[in-house]
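Residue strings, one per chain:
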Amino acid sequence: MAMRRETGTQGDLVVGWAELPRSPGHAFYDELQKVLLDAGFDVFVENACKPYYAAKMGAPSLPPGRYFRMHMVGYFEGLDSERGIVWRCADSFSLRDFLRLSTREKVPDHSWLSKTRSRLPHEVHEKVFGFVLKLVAERGLVKGERIGVDGSTMEANAALRSIVRRDNGETYRAMLERMAEESGIATPNAEDLARFDRKRKGKKLSNDDWTSATDAEAKIARMKDGTTHLAYKPEHAVDLDTGVIVAALIHEADKGDTTTLGDTLETAKANLSAVGLAPTPDDPCEIIADKGYHSREVLKGLDDGEWKSRLSEPLPAKGYLRWQGDEEARDAVYANRARLKSGVGRAAMRKRGELVERSFAHVLDRGGMRRAWLRGRENIAKRYLIHVAGFNLGVLMRALVGCGTPREHSEAARNAFLFVIRTDSATGIVIIAEIGGALAMLAVIAAPEPD
């Protein structure tokens, strides 16, 4: 047999629909598509985005439903950049079906995502997040009785070497060169500057003195792994009975926990009110957080309101607490301590450590948002909200089909058992597999033909 040589491929002038390659589709995305279509997702987002587009027909734009679906794909596939999202969607027939692309349509370019994001305000992204939260709440997956709050860190799309002084615009390298020359080093090179910077006393990077030349809203902060970067601070409010995120905000990284708690609770209250679970002074919702949120002013503000505090208390300093006549703060601190030391309070703190940290692991680490590729707090918050909406859809899908991500669905389909039964008259093969949380069985019986 002669070897066939590859001489190139000539495209067909006419291709019939039946001749086009088709994908059987991904079972997870097919189920998720069904949930979104049954809920009227595309009609909702088109009505929400309509005021921000021209009334008359112009150049064709990116459909809003496709824009939000592509960012959900970014969460489910763990993609950090929008270029990666576009490449992954273009490489998969099942994702093309999920985006509702026709045969002749191409996957939108990453610039389309940027333009659409700049066109749509943050309020529209909040509406989409609220739509998903309501969809989850209709399945009974939002209780609104215990809310855990915590914050994490997200590396900004800016480097520390790009920081400049706020007073005169001097770069960090220029400052080192000036200080090195003043100390007696005539023409310092990069190695001299590194050695000088490592040994000099009083070295400190303060957000009051330095800012980023590329992203002014990014702040110098210490990350969870101990390194120092320009960063942002995402903060979650999580329903501790179901694991659903009811509020997700992006704060400046240098803001303390006691400073950002108020905005997060206000957003959580508004989102819970939208699904009919608003906390009231007569029926308060428990707020569980770590010791970073504990302060007298915070406890005084939460006392006798819509929130019942169970805030972890820092180790007391030596001596006695002094109240200076502030009986309101004293009563709030002691009441919080009593609630915290109860069996219910200790169980709630364990639940907070499990579910709130899990939400950060899913959204930031597995979901690809630990390092931002956008600049500006509002830009990052827009995309972050859709990733969190994808996380909540994952909770819903786990309740419906037993799997919350495409990878989990694929792994679940691998759990199978094979049984072979042989008798004198026949042989039977039974396969029992777990697919999407349900059991499926296939039985084959082979018998010899009668004489």
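Shown above is the structure to which this text applies.
Figured I'd write up the structure that's included with this text. (Residues numbered from 1 in each chain as written. Predicted model: local features only at pLDDT ≥ 70, side-chain atom pairs only at ≥ 80, totals over all residues. Heavy atoms only, no water.)

1. Some details on the packing of aromatic side chains
Turning to step 1, where the next piece is worked out: Under the defined criterion, the tally for this structure stands at 10 aromatic pairs.
Turning to step 2, where the next piece is worked out: Taken together, a centroid distance of 5.2 Å and an interplanar angle of 70° make the contact between Phe-28 and Phe-76 edge-to-face. With Phe-28 in helix α1 (residues 27-38) and Phe-76 in helix α3 (residues 64-77), the pair connects residues that are 48 residues apart, well separated along the chain.
Turning to step 3, where the next piece is worked out: These aromatic residues form a ring-pair network of at least three members: Phe-28, Tyr-29, Tyr-75, Phe-76 and Phe-98.
Turning to step 4, where the next piece is worked out: Over the face of the ring belonging to Phe-98 we find Arg-69, whose NZ or CZ atom lies 5.8 Å from the ring centre.
Turning to step 5, where the next piece is worked out: A cation over a ring is seen here: Arg-371 above Trp-373, with NZ or CZ 4.2 Å from the ring centre. (Phe/Tyr/Trp six-rings, centres within 6.5 Å; stacked < 30°, edge-to-face > 60°. Helix = DSSP H or I, 4+ residues; strand = E, 2+ residues; numbered from the N terminus. Lys NZ or Arg CZ within 6 Å of the ring centre and 35° of its normal.)

2. Things to note about the nonpolar core
Turning to step 1, where the next piece is worked out: Counting residues in hydrophobic clusters, the biggest one holds 108 residues, and the most contacted among them are Phe-68, Tyr-384 and Leu-393.
Turning to step 2, where the next piece is worked out: For this core, the leading source of residues is helix α14 (residues 377-401), giving 13 residues.
Turning to step 3, where the next piece is worked out: Every residue in contact with Tyr-384, bar those within four places of it in the chain, is listed here: Met-154, Pro-234, His-236, Ala-248, Ile-250, Phe-360, Val-363, Leu-364 and Met-369. (Core = buried A, V, L, I, M, F, W, Y, C linked by side-chain atoms within 4.5 Å. Buried < 20%, exposed > 50% of the residue type's maximum accessible area, 1.4 Å probe, protein only. Contact = heavy atoms within 4.5 Å.)

3. Let's talk about helix α13 (residues 343-366)
Turning to step 1, where the next piece is worked out: Its 24 residues give α13 an end-to-end C-alpha distance of 33 Å, which sits within 8% of 34 Å, the value for a rise of 1.5 Å per residue.
Turning to step 2, where the next piece is worked out: The set of residues buried in α13 consists of Gly-345, Ala-348, Met-349, Arg-352, Leu-355, Val-356, Ser-359, Phe-360, Val-363 and Leu-364.
Turning to step 3, where the next piece is worked out: Phi turns positive, to about 85°, at Gly-368, one or two residues after α13. (Expected span 1.5 Å × (residues − 1).)

4. Points about the environment of Arg-119
Turning to step 1, where the next piece is worked out: Within the secondary structure, Arg-119 is located in helix α6 (residues 110-119).
Turning to step 2, where the next piece is worked out: Note on Arg-119: relative accessible area 43%, which makes it partly exposed.
Turning to step 3, where the next piece is worked out: Measuring from C-alpha to C-alpha, the distance between Arg-119 and Tyr-52 comes to 6.8 Å, with 67 residues separating the pair along the chain.
Turning to step 4, where the next piece is worked out: Residues in contact with Arg-119, not counting those within four places in the same chain, are Tyr-52 and Tyr-53.

5. Looking at the pattern of salt bridges
Turning to step 1, where the next piece is worked out: Within the structure shown, the criterion is met by 22 salt bridges.
Turning to step 2, where the next piece is worked out: The closest approach of N and O atoms between Asp-257 and Lys-233, which form a salt bridge, is 2.7 Å. One end of the pair, Asp-257, is in helix α10 (residues 257-274); the other, Lys-233, is in strand β6 (residues 228-239), and 24 residues separate them in sequence.
Turning to step 3, where the next piece is worked out: The class for Lys-233 is buried, based on a relative accessible area of 6%. (Salt bridge = Lys/Arg side-chain N within 4 Å of Asp/Glu carboxyl O.)

6. Structural notes on the pairing of strand β5 (residues 219-222)
Turning to step 1, where the next piece is worked out: The sheet contact formed by β5 and β6 spans 4 bridges and is antiparallel. Across the sheet, residue Lys-219 finds its bridge partner in β6, namely Ala-231.
Turning to step 2, where the next piece is worked out: The antiparallel pairing of β5 with β6 creates a hairpin that spans 5 residues between the two strands, and Gly-226 there sits at a positive phi of about 95°. (Pairing = 2+ DSSP bridges.)

7. Things to note about unusual backbone geometry
Turning to step 1, where the next piece is worked out: Positive phi values are uncommon outside glycine, yet Arg-100 reaches one of about 60°.
Turning to step 2, where the next piece is worked out: According to the relative accessible area criterion, Arg-100 is partly exposed, its value standing at 43%.
Turning to step 3, where the next piece is worked out: One non-glycine residue, Asp-304, lies in positive phi territory at about 60°.

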